[in-house]
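The chain contents come next:
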Amino acid sequence: MSELATLSRKTDFPGLLTSEGAPWYYLDTAATAQKPQAVIDAMSRALGRDYATVHRGVYGRSAHMTLAYEAARRRVAQFIGAGSENEIVFVRGATEAINLVASSWGMTRLTAGDRIVLSTLEHHSNIVPWQMVAERTGAVIDVCPLTEDHRIDLGALEAMLTPRTKLVSLAHVSNVLGSVLDARTAADLAHSVGAKILLDGCQAAPRMTLDMAALDCDFYAFSGHKLYGPTGIGVLWAREDILDAMPPYQGGGAMIEKVSFEGTTYAPPPQRFEAGTPMITEAIALHAAIDYVDAIGPDALFAHEAALAAQLREELRRTNAVTLFGPEESAGIVSFALEGVHPHDLGTILDEENVAIRAGHHCAQPLMEHLGVPATARASFGLYSDENDIAALMRGIERTRRIFG
Ligand code: PMP
């Protein structure tokens, strides 16, 4: 068995079989990861015999749920090297995390003429919230270009920063190209002009060791469902002093200190940003997902997926019929175009072979425009991926080429 195959743990993932029990070659992990049985079991226990609300009940089961919910917060803090669990805000996903920062921090800190730097390769969820803030505050968005091999151009970033730059918000790993940002350098550049930096860690959290202290960023956002946990839970990490100074994002129960019609005072972070009954079972299942990923080790996971991506790029290149996008060295995400075949047609034919890839703009329309294509085909790997997935994809591509002559 090859070294690559030994990391693959398909049997832990019931979602990797078709309903007939055949192998399903799932190459869309960048969209959402399949769940290990341990996560499904944790979710099911939390929804079943352990189920109760948190933070309110005087009865034992609610107290137990509160402990489990707060243990999940501590586990996230430890997993990403946060300074304290108070820096972990549970949100619905990366989209909500970025919207929270845009609405709470952006709307109160930005004024007309301030500048927000994004990049060409951002996901729509790291573009649109800032456009909404810009519209309402008069702040201006600058777009950092990409290098020839489709990485965020840090030289260009340095050149475009000004004392008016208040925020730099960049993807740590591109969901389309797998390009990995030198995040520490980007953070140092942002800080050199007194700007804050937000990293969209949606694709980094499931495949890289994260250490908030080493990254020295100000905000970090990711989604649980891409990290082998359930949908409906994500994380906003922010430095405690920054969170402390931010006004609430939503009002309601659980985020207050005292409510009266004369005036309401707010709870300290993270509760200040968690209005309403939180995602209790989702947080507990995310805890199980992090345990699962940590047992493998994010470094091993990154190496595994990067090796698969390199192998796939090589095999695609050998067809002489494929345009490859993105840098040669990337996290486990490969975008490509097959000559004469629309990505949607390719995706449809592959589906007949039980191969699932993504075809489309991947919520990154400005990047598609930059690449000069309406869409790409994207294969993305997970910790369960192996050479069999690549072989199935290549068989499907050969069949597609025969169909299209
Ligand atoms: N940023 C990136 C880089 C992503 O890949 C995604 C999900 N495709 C998001 C943000 C948004 O994540 P979610 O839809 O889980 O909120």
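Fair warning: this is a prediction, and the values are worked out from it, not measured in the lab.

### Re the packing of helix α4 (residues 94-109) against helix α5 (residues 128-137)
So, point 1. At their nearest, the axes of α4 and α5 sit 9 Å apart, and the two run at 20 degrees to each other. The orientation of α4 relative to α5 falls into the category roughly parallel. At the point where α4 passes α5, the crossing takes the right-handed sense. Within the contact between the two elements, α4 uses Ile98, Asn99, Ala102, Gly106 and Met107 and α5 uses Pro129, Trp130, Met132, Val133, Arg136 and Thr137.

### Observations regarding helix α10 (residues 280-296)
So, point 1. End to end, α10 covers 25 Å across 17 residues, agreeing with the expected 24 Å (1.5 Å per residue, within 8%).
So, point 2. In terms of residue burial, α10 counts as a mostly covered element, since 13 of its 17 residues are buried.

### Considering the site of the ligand
So, point 1. Close to the ligand lie 13 residues, the nearest being Gly93, Thr95, Asn175, Cys202 and Ser223.
So, point 2. Residue composition of the shell around the ligand, by class: 4 nonpolar, 8 polar and 1 charged.

### Things to note about the sheet that holds strand β11 (residues 322-325)
So, point 1. One open sheet holds the 4 strands; their spatial order is β11-β12-β15-β14, and the pairing between them is antiparallel. With one partner strand each, in any of the chains shown, β11 and β14 (358-360) form the two edges of the open sheet. Sheet twist, expressed as the average angle between the axes of neighbouring strands with direction ignored, equals 30 degrees.
So, point 2. Packed onto the sheet, helix α12 (residues 343-352) meets β12 (333-338), β14 and β15 (376-380) and runs at close to 155 degrees relative to β14.

### Notes on the nonpolar core
So, point 1. In this structure, Ala186, Leu236 and Ala289 are the most contacted members of the largest nonpolar core, which totals 120 residues.
So, point 2. With 10 residues, the single largest contributor to this core is α10.
So, point 3. Beyond its immediate sequence surroundings of up to four residues, Ala289 is in contact with Val39, Gly224, Leu227, Tyr228 and Gly229.

### Points about the UniProt feature "domain: Aminotransferase class V" (unreviewed entry) in the protein chain
So, point 1. The feature "domain: Aminotransferase class V" (unreviewed entry), as given by UniProt, occupies residues 26-393 in the numbering adopted here.
So, point 2. Taken end to end, residues 26-393 has its terminal C-alpha atoms 10 Å apart, with 39% of it in helix and 17% in strand.

### With respect to the sheet that holds strand β5 (residues 165-171)
So, point 1. Within the open sheet, the 7 strands sit side by side as β2-β8-β7-β6-β5-β3-β4. Their pairing is mixed. Two strands close off the open sheet at either side, each with one partner strand: β2 (88-91) and β4 (140-144). If you compare each strand with its neighbour and ignore which way they point, the axes differ by 20 degrees on average.
So, point 2. As paired elements, strand β6 (residues 196-200) and strand β7 (residues 219-223) share 3 bridges and run parallel to each other. Bridge pairing in β7 places Leu199 opposite Tyr220.
So, point 3. Against the sheet, α5 touches β3 (115-119), β4 and β5, its axis set at about 145 degrees to β4.
So, point 4. Against the sheet, helix α7 (residues 183-192) makes contact with β5 and β6, and its axis sits at roughly 155 degrees relative to β6, the strand it touches most.

### A short note on the domain arrangement of the protein chain
So, point 1. For the protein chain, the domain assignment lists domain 1 (3-27 + 297-403) and domain 2 (41-295).
So, point 2. For domain 1 and domain 2, the distance between their C-alpha centroids amounts to 28 Å.
So, point 3. Those elements giving two or more residues to the side of domain 1 that touches domain 2 turn out to be α11 (298-318), β12, α13 (365-371) and β15.
So, point 4. Broken down by element, the residue count for the side of domain 1 that touches domain 2 peaks at 6 residues, all from α11.

### Overview of helix α14 (residues 387-403)
So, point 1. The end-to-end C-alpha distance of α14 is 24 Å, a good match for the 24 Å that 17 residues give at a rise of 1.5 Å each.
So, point 2. Taken residue by residue, α14 has Asp389, Ile390, Leu393, Gly396, Ile397 and Thr400 as its buried positions. Along the axis of α14, the buried residues cluster in a sector spanning 125 degrees; they form a single face. Among the exposed residues of α14, those oriented more than 90 degrees off its buried face are Ala391, Glu398 and Arg402.
So, point 3. In this structure, the buried residues of α14 make contact with β1 (25-26), α11, β12, α12, β13 (355-356) and β15.
So, point 4. Where α14 terminates, the next one or two residues include Gly405, which has phi positive at roughly 70 degrees.

Reading guide: rules and limits
Numbers given for residues are sequential positions, taken from 1 along each chain in its written order. Residue-level local features of this predicted model are given only where pLDDT is at least 70; pairs of side-chain atoms are given and counted only at 80 or more, and the full residue set underlies all totals for whole chains, interfaces and linings. Geometry is summarised by axes, namely lines fitted to C-alpha atoms with helices restricted to the contacting stretch, and by angles between N-to-C directions that run from 0 to 180 degrees. Working definition: helices are DSSP H or I runs of at least four residues, strands are E runs of at least two. Numbering for both runs from the N terminus. Any angle that is under 35 degrees is reported as roughly parallel, and any over 145 degrees as roughly antiparallel; angles of 65 to 115 degrees are reported as roughly perpendicular and all others as oblique. By definition, any crossing whose near helix is turned counterclockwise from its far helix by less than a right angle is left-handed, and any crossing with a clockwise turn is right-handed. Once C-beta atoms are placed from the backbone, any two residues with those atoms within 7 Å are in contact. Expected helix span is computed as 1.5 Å times (number of residues minus one). We call a residue exposed when 12 or fewer other C-beta atoms sit within 10 Å of its C-beta, buried when the count reaches 20 or more, and partly exposed for counts in between; the C-beta positions come from the backbone. Any residue whose C-beta atom, as set from the backbone, lies within 6 Å of a molecule or strand is reported as near that molecule or strand. Residues were grouped as follows: Ala, Val, Leu, Ile, Met, Phe, Trp, Tyr, Cys and Pro as nonpolar; Asp, Glu, Lys and Arg as charged; and all remaining residues, including Gly, as polar. Criterion used throughout: strands pair if DSSP finds at least two bridges between them. To count as a nonpolar core, a set of buried Ala, Val, Leu, Ile, Met, Phe, Trp, Tyr and Cys residues must be joined through C-beta atoms within 7 Å. UniProt positions are given in the numbering used here, feature names are shortened, and annotations may be inferred rather than shown by experiment. Where each domain begins and ends follows an automated or database-derived domain assignment. Note that the arc is defined by the directions from the helix axis to the C-beta atoms.

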